[in-house]
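# Residue-level structural notes
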Amino acid sequence: MKITLANAEAALDEVQRDTDKLHSQELRKAIAEHIETQREAIKALRKKLH
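Presented here is an overview of the structure given in this document. Only a predicted model underlies this, so the values are computations on that prediction, with no experimental measurement involved. (Residues numbered from 1 in each chain as written. Predicted model: local features only at pLDDT ≥ 70, side-chain atom pairs only at ≥ 80, totals over all residues. Heavy atoms only, no water.)

### Considerations on the overall build of the chain
- Summing up its helical and strand segments, the chain has two helices and zero strands in all.
- Rg of the C-alpha trace for the chain: 12 Å, well past the compact-globule value of 10 Å for 50 residues, more than 25% over.
- If one aligns the C-alpha atoms of the chain with their principal axes, the spans along those axes are about 40 × 15 × 5 Å.
- Per-residue burial for the chain yields a buried fraction of 10% across its 50 residues. (Helix = DSSP H or I, 4+ residues; strand = E, 2+ residues; numbered from the N terminus. Rg over C-alpha atoms; globule rule 2.2 N^0.38 Å. Buried < 20%, exposed > 50% of the residue type's maximum accessible area, 1.4 Å probe, protein only.)

Dropping the structure here:
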């Protein structure tokens, strides 16, 4: 499970890098908020596993 969570975090990092290339600030902001929500969910899962 730890590897899967690490892969999920890596995928979020990749999405963040791709998002930075978008022209629309509104879209970048919306995606950034969603990414942060997902990062919080990953943190919560990590806490449950430990």
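### Focus on the environment of A8
- Inspection of the secondary structure assignment puts A8 in helix 1 (residues 2-19).
- With 11 residues separating them along the chain, A8 and T19 place their C-alpha atoms 16 Å apart.

### Thoughts on the pattern of salt bridges
- For the coordinates displayed, the defined rule picks out three salt bridges.
- Notably, a salt bridge pairs E9 with R46, separated by 2.7 Å at the nearest N-O pair. Taken together, the positions of E9 in helix 1 and R46 in helix 2 (residues 25-49) put the pair 37 residues apart, joining distant regions of the chain.
- Salt-bridge contacts for E40 lead to K43; the nearest nitrogen and oxygen are separated by 3.7 Å. Linking E40 with K43, this pair stays in helix 2, spanning three residues, or about one helical turn.
- Here E40 falls in the partly exposed class, since its relative accessible area comes to 40%.
- Note on K43: relative accessible area 48%, which makes it partly exposed. (Salt bridge = Lys/Arg side-chain N within 4 Å of Asp/Glu carboxyl O.)

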